[in-house]
Amino acid sequence: MASNNSKARRSVFLNSVFGVLAWFLPIVLGFFSTPIIVRGLGTEEYGVYAIILGFLSYSFTFGIGRVASKYVAEFEASGNDDGISRAVSATLLFSVAVGAIGAILLAFFTPWLVANVLILPEAFRPKAEIGLYLACFAGLMVMISQVFQSTLQGAHRFGSYSVIANLNAVLLSGGNIALALNGYGLVELVAWNLFTVITTGVLFFVTAITAIPNFRPTLNIGKDVGFAVLKYGRNIILYQVFANCFFLFERSWVIRKFGPEALTFYFVPMLVGIYLHGLISSFGLVIFPRINELLNDRERLLILYGRSNRLILAIVVLTVTTLAASGKSFLLVWVGPEFEASSYWLLVIHGLTFGLIAIIIIPWGLAEAFHAASINVFVTFAWLVIGSSLMYAVGTSFGIEGIAVARLTAVLATMPVIFYIEKRFLGRVQIGSWSMTVLKIVPASVLMFVAQWFVLRNMVNGWFSLILAVGIGSGIYTALLYSIGLLDSNEIDELKNQLFRRGAQEG
């Protein structure tokens, strides 16, 4: 018995480490590679590169693979191996069909998009067109890969998933750095992205096939599973379409009104917000299968929901406060004085925007688990309508900061949907829990801000002073949250046990 408990603890620990590495290494490599690529391409060409990356990231990350994660978790909990094979196969066929249609449409409209929507300077149009053509094929490969990534996540094989995800980050960042340092341009960088996606996609497929007993792709899907996958996937596609339209309007508006160079100053600080969202999303990937397993155990689901949200809110506040206090120094030592002067407020605004989106992740997953992804469709449609309308209204009056505030306002306007989701699926609104958490976090965040500001004000700018300031501030923040009971070690251990229960049993 003691041996089993020891194995369980080791398994929980290893899963926790893998969970951290799944987001930590890619973010570190992204931070390291971004300034090198910016300098290698120049601020104007990097702006065009950002547009292509945006198409690849938004136009093909439909998230249809999440369907596999949901049904793998549900069917494994009930011991339905045949259901797993049918659900994953249906998701794969759906993803291939949607990805192929999207790639063909984007390829067909590429010359028109470059000339009439993005209105890029003539010098950049040939490169942009070739880059977008490569992105079309890469996007299809991404969608296929996502199915097998989600299969591993739904089966709680986070160790295998994290290893391949980190290999992808190493290959992508290492190749991009080598290409940028040797004078290659955006076309070569997009081609390397395609190579990386194909390589790691094959690894995800092989791992999914071998890691899950009795799982084999099949064409014998059945109407029940096929219809369920189509219905769920349809809503996911809709909210991704709205998000894609918002992306396209935002980036094209910045380029048309302010030029490619301005998009670089807009996009680079947004990367930090995207990294924050990715951090929380990686946590959400672990939470999502557990939510689906607890659909019939409302009490335990409510506990998991509350603990997860408290931890996410604490991480978001820590990150956004750090960006506000140390953002100028960070931009200076990370990408240079031009960005310190032009992108600080964008860094803060984007950080807050994506931090708020991260807070929605668990409620978002709750709605999907209860087959109500239409709520998420409504949210992204509201972002599109409110955000694009405000961007059009502000025009050039408030610079690119006005565009960022428009996006932030759109997200703020949809935050009350959290309470609707809680009332509908948990039976009651968690206003008391949210309020108490905020009241406990605010004083700690204020002290953290003051500590970081004081350290940076009295030291020479550099990585040492920045790391020292962030370390001292974060230490104060974490210690205060522990002292007032918000971050209770027993509660965090229990959360980990819930998340990695299956891994512990298998250990």
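Residues numbered from 1 in each chain as written. Predicted model: local features only at pLDDT ≥ 70, side-chain atom pairs only at ≥ 80, totals over all residues. Heavy atoms only, no water.

Focus on the packing of helix α6 (residues 158-181) against helix α7 (residues 186-211)
Contact geometry for α6 and α7: axes closest at 10 Å, N-to-C directions at 165 degrees. Here α6 is positioned roughly antiparallel relative to α7, judged by the angle of their axes. Crossing of α6 against α7: the hand is right-handed. Side by side, α6 and α7 meet where S160, Y161, I164, A165, L167, N168, L171, L172, G175, N176 and L179 of the first sit next to E188, L189, W192, N193, T196, T199, T200, L203, F204 and T207 of the second. Along the lines of polarity and charge, the residues of the contact of α6 with α7 split into 11 nonpolar, nine polar and one charged. (Axes fitted to C-alpha atoms, helices over the stretch in contact; angles between N-to-C directions. Helix = DSSP H or I, 4+ residues; strand = E, 2+ residues; numbered from the N terminus. Parallel < 35°, antiparallel > 145°, perpendicular 65-115°, else oblique. Left-handed = near helix turned anticlockwise from the far one by under 90°. Contact = heavy atoms within 4.5 Å. Nonpolar A, V, L, I, M, F, W, Y, C, P; charged D, E, K, R; others polar.)

Re helix α11 (residues 337-369)
Between its first and last C-alpha, α11 extends 46 Å over 33 residues, near the 48 Å set by a 1.5 Å rise per residue. By the largest-angle criterion, S343 marks the main kink of α11, which is about 65 degrees. Following α11 by one or two positions, H371 has its phi on the positive side, about 60 degrees. (Expected span 1.5 Å × (residues − 1). Bend = angle between axes of the 7 residues up to and from the residue.)

Brief notes about the pattern of salt bridges
Counted by the stated rule, this structure contains four salt bridges. Residue R125 is joined to E122 by a salt bridge in which the shortest nitrogen-to-oxygen separation is 3.1 Å. A salt bridge links E250 to R251, with the shortest nitrogen-to-oxygen separation between them at 3.6 Å. In this structure, a network of salt bridges that share partners links the residues E250, R251 and R407. (Salt bridge = Lys/Arg side-chain N within 4 Å of Asp/Glu carboxyl O.)

Describing the confidence of the model for the protein chain
With 86% of its residues at a pLDDT of 70 or more, the protein chain shows a mean pLDDT of 82. No element of the protein chain has a lower mean pLDDT than helix α18 (residues 501-506), at 42, and none a higher one than helix α13 (residues 399-414), at 95. Per-residue pLDDT stays below 50 along residues 1-17; that stretch engages in 14 contacts with residues further than four places along the chain or on separate chains. Long-range and interchain partners of residues 500-507, a stretch whose pLDDT sits below 50, account for 18 contacts in this model, where long-range means more than four residues apart. (pLDDT = per-residue confidence, 0-100.)

Some words on the environment of S281
Mapped onto the secondary structure, S281 falls in helix α9 (residues 260-293). Residue classification places S281 among the partly exposed residues on the basis of a relative accessible area of 22%. Expressed as a C-alpha distance, the spacing of S281 and I361, which sit 80 residues apart in the sequence, is 7.0 Å. (Buried < 20%, exposed > 50% of the residue type's maximum accessible area, 1.4 Å probe, protein only.)

Here we look at α6
Look at α6: 34 Å from first C-alpha to last across 24 residues, which is about the 34 Å you get at 1.5 Å a residue. The first or second residue beyond α6 is G183, which carries a positive phi of 85 degrees.

Comments concerning the packing of helix α10 (residues 298-334) against helix α14 (residues 417-426)
Each packed pair of helices is defined by two parameters, the angle between the axes and the distance between the axes. Where α10 meets α14, the axes come as close as 11 Å, and the angle between the chain directions of the two elements is 160 degrees. One way to sum up the angle between α10 and α14 is to call them roughly antiparallel. Here α10 contributes R298, L301, L302 and Y305 to the contact with α14, which in turn contributes I418, E422, F425 and L426. In terms of residue class, the contact of α10 with α14 is built from six nonpolar, no polar and two charged.

A closer look at the packing of aromatic side chains
Across all of its chains, the model carries 15 aromatic pairs by this definition. Pairing F109 with W112 gives two aromatic rings, centres 6.3 Å apart and planes at 70 degrees, and the pair type is edge-to-face. Taken as a pair, F109 and W112 lie in helix α4 (residues 81-117) at a separation of three residues, close to a single helical turn. Its relative accessible area of 38% is what places F109 among the partly exposed residues. Taking relative accessible area as the criterion, W112 reaches 47% and is therefore assigned partly exposed. What links up through ring pairs into an aromatic cluster is the set Y46, Y49 and F267. We note R407 situated over the ring of F246; from NZ or CZ to the ring centre the distance is 4.7 Å. (Phe/Tyr/Trp six-rings, centres within 6.5 Å; stacked < 30°, edge-to-face > 60°. Lys NZ or Arg CZ within 6 Å of the ring centre and 35° of its normal.)

Here's the deal with the side chain of R125
One can find R125 in helix α5 (residues 125-154). For R125, the contacting residues outside a window of four places in its chain are V114, A115, I119 and L120.

So, a nonpolar patch on the surface
A cluster of nonpolar side chains, contributed by V438, V442, V446, F449, V450, W453 and F454, occupies part of the molecular surface with about 620 Å² of accessible area. Among the structural elements, V450 can be located in helix α15 (residues 431-457). (Patch = residues over 30% accessible without salt bridge, like charges linked within 9 Å, V, L, I, M, F, W, Y side chains within 5 Å. Areas by Shrake-Rupley, 256 points an atom, 1.4 Å probe, with all protein chains shown as cover.)

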